[in-house]
Amino acid sequence: SCFDDEINPLFGNFKGKDNCGWWGFVFAEDINCFSRPCFNPNNPDEFVCIQEIFNDTNSNFNDSQTIVKFNLKTKEKTVLTKVSTFHSQLDWSRTGWIAYGSNGSIYIIKEDGFEKRKINPVFAHPACHFNEEGTKLIFRRRIDYSASDVQRNPGLLLLRTMYIIDLSGNILDTLCIYCTK
């Protein structure tokens, strides 16, 4: 089993199924699955993660995916926002913003859940990361090509670019991933 058969004060009871999913979760009917945790850089007793509800009857995650914040000392759980489709690791900045990717967009939300913004200027790969100061984000532009497309037109690889943006979505710099000299 992925977890011991015990009651966990933060995540609830995982008893009932001896089956680990491909992310390391326990899949069972109507069970809470938690993934992509990230600690608060300003408070070692807090972290955020994605909470998803899995339902065995349709073998899909339903639309109740949320970003939740946990406090390890107080055992308090706070729902920050609901997300439609979630595809990236969370990143928490020293300035109190939490970044995540969803459906080709990058969002930031304040750690209290009260301010949420879509900030990417181009279609983005969902993984994004803050700089040390928490004032900039870096992400890769999402462009997917087949191997045959690239063989016919190698210049397509030059369109794969890393972007550095500020928290308003302004492009500060770009870096080519597959560059020529």
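Quick look at the structure, then.

So, how was this worked out
- Residues numbered from 1 in each chain as written.
- Predicted model: local features only at pLDDT ≥ 70, side-chain atom pairs only at ≥ 80, totals over all residues.
- Heavy atoms only, no water.
- Pairing = 2+ DSSP bridges.
- Helix = DSSP H or I, 4+ residues; strand = E, 2+ residues; numbered from the N terminus.
- Salt bridge = Lys/Arg side-chain N within 4 Å of Asp/Glu carboxyl O.
- Buried < 20%, exposed > 50% of the residue type's maximum accessible area, 1.4 Å probe, protein only.

1. Points about the sheet that holds strand β9 (residues 97–102)
Next up, step 1: Ordered by their spatial adjacency, four strands build an open sheet running β8-β9-β10-β11, and the pairing between neighbours is antiparallel. One side of each edge strand has no neighbouring strand; the edge strands of this open sheet are β8 (91–92) and β11 (116–118).
Next up, step 2: Here β8 pairs with β9 via two bridges, running antiparallel. What sits directly across from Trp-92, in β9, is Ile-98.

2. Some thoughts on the pattern of salt bridges
Next up, step 1: Enumeration according to the criterion identifies four salt bridges in this entry.
Next up, step 2: Salt-bridge contacts for Lys-73 lead to Asp-45; the nearest nitrogen and oxygen are separated by 3.5 Å. With a gap of 28 residues between them, Lys-73 in the loop between β6 (65–71) and β7 (77–83) and Asp-45 in strand β4 (residues 43–55) connect regions that are remote in the sequence.
Next up, step 3: Between Arg-117 and Glu-115 there is a salt bridge, with the nearest N and O atoms lying 3.4 Å from each other.
Next up, step 4: Assessed through its relative accessible area of 29%, Arg-117 is described here as partly exposed.

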